[in-house]
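Residues per chain are reported as follows:
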Amino acid sequence: MGCCASNTAGGGGSKASRMARWRSTGIIGLRDSKLKTFPDEVIVMERAVRTLDLTHNKISDVPAEVSKLINMQRLLIADNLIERLPGNLGKLQSLKVLMLDGNRISCLPDELGQLIRLEQLSISRNMLIYLPDTIGSLRNLVLLNVSNNRLKSLPESVGSCASLEEIQANDNVIEELPASLCNLIQLKSLCLDNNQVKQIPDGLLKDCKSLQNLSLHNNPISMDEFQLMEGYQEFEERRKKKFDKQIDSNVMISSKGLDVGVDK
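A brief structural summary. (Residues numbered from 1 in each chain as written. Predicted model: local features only at pLDDT ≥ 70, side-chain atom pairs only at ≥ 80, totals over all residues. Heavy atoms only, no water.)

### A word on the nonpolar core
- Ranked by size, the top nonpolar core spans 70 residues in total, and within it L52, L98 and L214 carry the most contacts.
- For this core, the secondary-structure elements that each account for two or more residues are α1 (15-25), α2 (40-43), α3 (204-207), α4 (223-227) and α5 (232-248).
- In contact with L98, not counting residues within four places along its chain, are L75, L89, L112, L115, L118, Q120, L121 and S122. (Core = buried A, V, L, I, M, F, W, Y, C linked by side-chain atoms within 4.5 Å. Buried < 20%, exposed > 50% of the residue type's maximum accessible area, 1.4 Å probe, protein only. Helix = DSSP H or I, 4+ residues; strand = E, 2+ residues; numbered from the N terminus. Contact = heavy atoms within 4.5 Å.)

See below:
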């Protein structure tokens, strides 16, 4: 670990005044601070930290001591040089938002499943080749973004993430989808553009009664196959109802917005 790049990192003033402000607000903002190491002065804040933003630095390692930040709810550490996460991350039982986009992470620790309050996990633009089975323990997860990785599949356990509303998995090499996706009755959006998906689970359109958006552009699945699936008409009605509401609200949508998301 190391100290901040300078005494003015994170908003100016002396180190003491900066730390006093952090302790008072619980918010530590150190994005774009040219940090190369995880700052020691953050770790010593321990229980005071609620939000930690280290976005767009050059940090390559998250130390095991991060587990001392047990009241942290938001950890934003996107656009760094991180290759691995410590298993101790699982001790952050208060964490609700974890943003890790744009790093060099190839696998996630099994202890990720201990983050039982996690609602948003975004780890796009990394080097993931698989997701741990323990991800199924994240029963409060609402958003999962794993786009732009090297995933060949999603784990069967993802179907246990009962609160999931949105899965973004574009730009991977996913060939198969787990049948357990049909268990996700809260799922509203499933984005799988630019993969190798040949078919989707038989009951997906029928069982996922909240699904309004399914995007499968640039996959080896045809519109004809899609339209023959059980539940297709009900899915179409939900999709059109969603966009009718957007139009009624004068929300601008692109010409692609009304596309069902399967190449013709």
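### Observations concerning α1
- By the burial criterion, the buried members of α1 are R18, M19 and W22. All buried residues of α1 project into a common sector of 95° when viewed along the axis, lining one side. Turned more than 90 degrees off the buried face of α1, the exposed positions are A16 and S24.
- Close packing links the buried residues of α1 with β1 (27-29) and α2.
- Once α1 ends, the next one or two residues include G26, with phi positive near 80°. (Arc of directions from axis to C-beta.)

### Some thoughts on the side chain of N103
- Tracing the backbone through its elements, the reader meets N103 in the loop between β4 (97-99) and β5 (120-122).
- Judged by its relative accessible area of 6%, N103 is buried.
- Side-chain polar atoms of N103 contact the backbone nitrogen of L81, separated by 3.3 Å.
- Once residues lying within four places of it in the same chain are set aside, the contact partners of N103 are I77, A78, D79, N80, L81, I82, R125 and N126. (Polar contact = N/O pair within 3.5 Å; in protein donor to acceptor, adjacent residues only side chain to side chain.)

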